[in-house]
Every structure is written in C-alpha cells, then in structure tokens.
Amino acid sequence: MDRGDLPPERFRLFLAVRRGVPLGLAAILMGLALLEPVRHGWGRGWLILAAMACLGEVWPTFKRGRAYLAARGPIMKWDAGWVYLLRPIFRWLGHEEDWILSFCAWNNHRVRESFEARKARKALILLPHCIQMARCKADVLTELSSCYECGLCPVGDYLPLQLTLGWQSRITNRSHKAYREAREYRPDLIVAVSCLDRLLKGLVKLPEVPCYVIPLELPHRMCVDTTFSVPHLMAAMGTLVEPRETAAETPEKVLPFHREGIA
Ligand code: SF4
C-alpha cells in the first residue's frame, strides 16, 4: 500500500440501515396517505407531514464536502445516536463489531471525500499508549523520541516517519487527555488510532473536528501489546494532509536521534 492508497471503506451495513429505515418509513407513510379516504383529509395531511419529516431526517446523510464539514457536529451526534440505539440489536445478532466498523468506515468515507480535493493543513495524530510493548522501559509517554527503535512494536516504525515527515502527534494513556490535547492544538483534521469502542467515543466527544479513524489490531487482548497498520496511517496522511517540509528539503532541521539501548 503506498501513501495514496487507502483501504476500501466498507460502510454498506450502516448506510443501508441509516438511510433504509427512514426512507422505508417515508414510503409506507406516503402509501398510507394515498389510501386514506379523501373525506379524512386531515389524516392524509398528517401522514404526508410525517413522511416529509422522515425525508428531512435522512437528508444530512447526502451532504458532502464543505457542506458536510460545516454541519459535521450535529450530523455526527445524530449518526452516533443510531449506532448506540441499534447496538444492542447487532450485539444480539452477533454483529456488534461489524456495526461499529461500518459506522467508522462511513465516517472515514465522508472525511476522505471532504479532504481529498482540499487537504488539511493542521493535522494531529492521536495514538494509544498500548501500542508500546508492555515490557518496554522507554518513556515514550513523556517523550516519543525515547523509543530505541528496536522494531518490536509499531512505535519504532512510527517515530522515524514523524521525524522525517514533520507529523504532529500525541501518544496518551487516557482518552480524556487525548481529547484535551486535541482541543488545545485545534487541528483541522485528526487521524486517530484506537480500539473500536474508544474510536466511537472519540467521534462523539469531538464531533466538530473531522476525524479519520484507524482501528487497532488486538493480537493478544485489549490494551496489551496492540498494533496497527503503519502503512494505513501513511496512506491517510498522504491522502488527506498537505505535506510539510520533509527532511530531504530541510536536512538541517530534522536530526533523527538514535538512542542506544534495548526494549
Ligand atoms: S523501544 Fe522498541 S518496544 Fe520500546 S517503544 Fe520503541 S520500538 Fe517499541
């Protein structure tokens, strides 16, 4: 995968429900209105009004680009309401993860559409502390460059990219710290890596800031030695964010510092 090659966004499940339910309801209400005897004209009026309300409810899902970004806060809160409302049903069906993944993919799709033509100028990457190998002693939480780049966890793959490409990032062990950092930095785009639950919570807590999300992989268990696709992150940054000055252009400004040591 190169930097411009983002993986496909699989959002059909969320979109089918998010649009299908109100549109289906609108069609039923319009059908009932047509069947309503003319002498009950007031009943027909209410049915048509309700059908229009359903159409109005689904309308924000068609917003694109700048119109979407301008209305993103309320759109995101409303869409997340659908996710939380139907989550127990999908859990009961055994597809809770698919449901949340589908919502994240829909979010990514709309964010990508909005930034592909006009890229973000001030992006912030949020990483969870659990990507650091549990037994590693490097104090990456305080200073990311404490990493020895031993290659045993994704931090070592990420650090040289941050240095050479000039990315802004925060690695945190608490969600509320990540939200605070993001609010203070005031980015026009966040690229967040986390577990599904935290990504969903983050999209709800910071709905006004466009956020491209990358789910963690959990080869062991939650919160321990997790990992993520660094190529996916590179593709997201390459597609959505204006490149900053690179090491090749300003060699005197970027001095990768390799610490001696082991994890
Ligand atoms: S020193 Fe190795 S294990 Fe520790 S954070 Fe860096 S790459 Fe990961």
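The rules we used
Residues numbered from 1 in each chain as written. Predicted model: local features only at pLDDT ≥ 70, side-chain atom pairs only at ≥ 80, totals over all residues. pLDDT = per-residue confidence, 0-100. Contact = placed C-beta atoms within 7 Å. Pairing = 2+ DSSP bridges. Helix = DSSP H or I, 4+ residues; strand = E, 2+ residues; numbered from the N terminus. Axes fitted to C-alpha atoms, helices over the stretch in contact; angles between N-to-C directions. Near = placed C-beta within 6 Å. Nonpolar A, V, L, I, M, F, W, Y, C, P; charged D, E, K, R; others polar. Buried ≥ 20, exposed ≤ 12 C-beta atoms within 10 Å, placed from the backbone. Right-handed = clockwise from strand over helix to strand, strands pointing away. Expected span 1.5 Å × (residues − 1). Core = buried A, V, L, I, M, F, W, Y, C linked by C-beta atoms within 7 Å.

Any region with low pLDDT has predicted coordinates that should not be read closely. Across the protein chain, the average pLDDT comes to 88, with 89% of residues at or above 70. Residue range residues 250–255 is modelled with pLDDT below 50. Its contacts to residues more than four positions away, or to other chains, number four contacts.

Attention shifts here to the sheet that holds strand β4 (residues 211–215). Here we have four strands laid out as an open sheet, ordered β2-β1-β3-β4, and parallel in their pairing. The strands lining the two open edges of the sheet, one partner per strand, are β2 (169–172) and β4. The average undirected angle you get between the axes of adjacent strands in this sheet is 15°. Pairing of strand β1 (residues 123–128) with β2 involves four bridges; the strand directions are parallel.

Moving on: the site of the ligand. C136, C147, C150, C153 and G156 are the nearest of the 14 residues found near the ligand. Looking at side-chain class alone, the shell around the ligand contains 11 nonpolar, two polar and one charged residues.

Here we take up the pairing of β1. Of all six residues in β1, six are buried, a share of seventy percent or more. Of the two faces of β1, the one carrying A123, I125 and L127 and the one carrying L124, L126 and P128 are both buried. Both β1 and strand β3 (residues 189–194) contribute to a ladder of four bridges, which runs parallel. Across the sheet, the residue bridging to I125 is V191, located in β3. At this point the chain moves from β1, through helix α6 (residues 154–165), to the parallel β2, and the crossover so formed is right-handed.

Within the chain, R186 stands out as a residue other than glycine whose phi angle is a positive 55°. Secondary-structure assignment places R186 in the loop between α7 (175–185) and β3. Positive phi, close to 45°, is recorded for D225, a residue that is not glycine.

Turning to α6, a few remarks are in order. Compared with an ideal rise of 1.5 Å per residue, which puts 12 residues at 16 Å, α6 spans 17 Å between its outermost C-alpha atoms and is within 8% of the ideal. Buried within α6 are the following residues: P154, V155, G156, Y158 and L159. Of the surrounding secondary structure, the elements contacted by the buried residues of α6 are α9 (230–240). Phi turns positive, to about 70°, at G166, one or two residues after α6.

Let us look at the nonpolar core. Core analysis: the largest hydrophobic core is formed by 49 residues, its most contacted members being L126, L189, I190, V191 and C211. No other element matches helix α5 (residues 96–116), which puts seven residues into this core. Among residues more than four places away in sequence, those in contact with C211 are V111, I190, A192, G202, L203 and L206.

Turning to the packing of helix α4 (residues 72–93) against helix α8 (residues 196–205), a few remarks are in order. α8 packs onto α4 with a crossing angle of 145° between their chain directions and a minimal axis gap of 9 Å. Contact residues: M76, K77, A80 and V83 in α4; L200, L203 and V204 in α8. A breakdown of the residues in the contact of α4 with α8 according to their chemical character gives six nonpolar, no polar and one charged.

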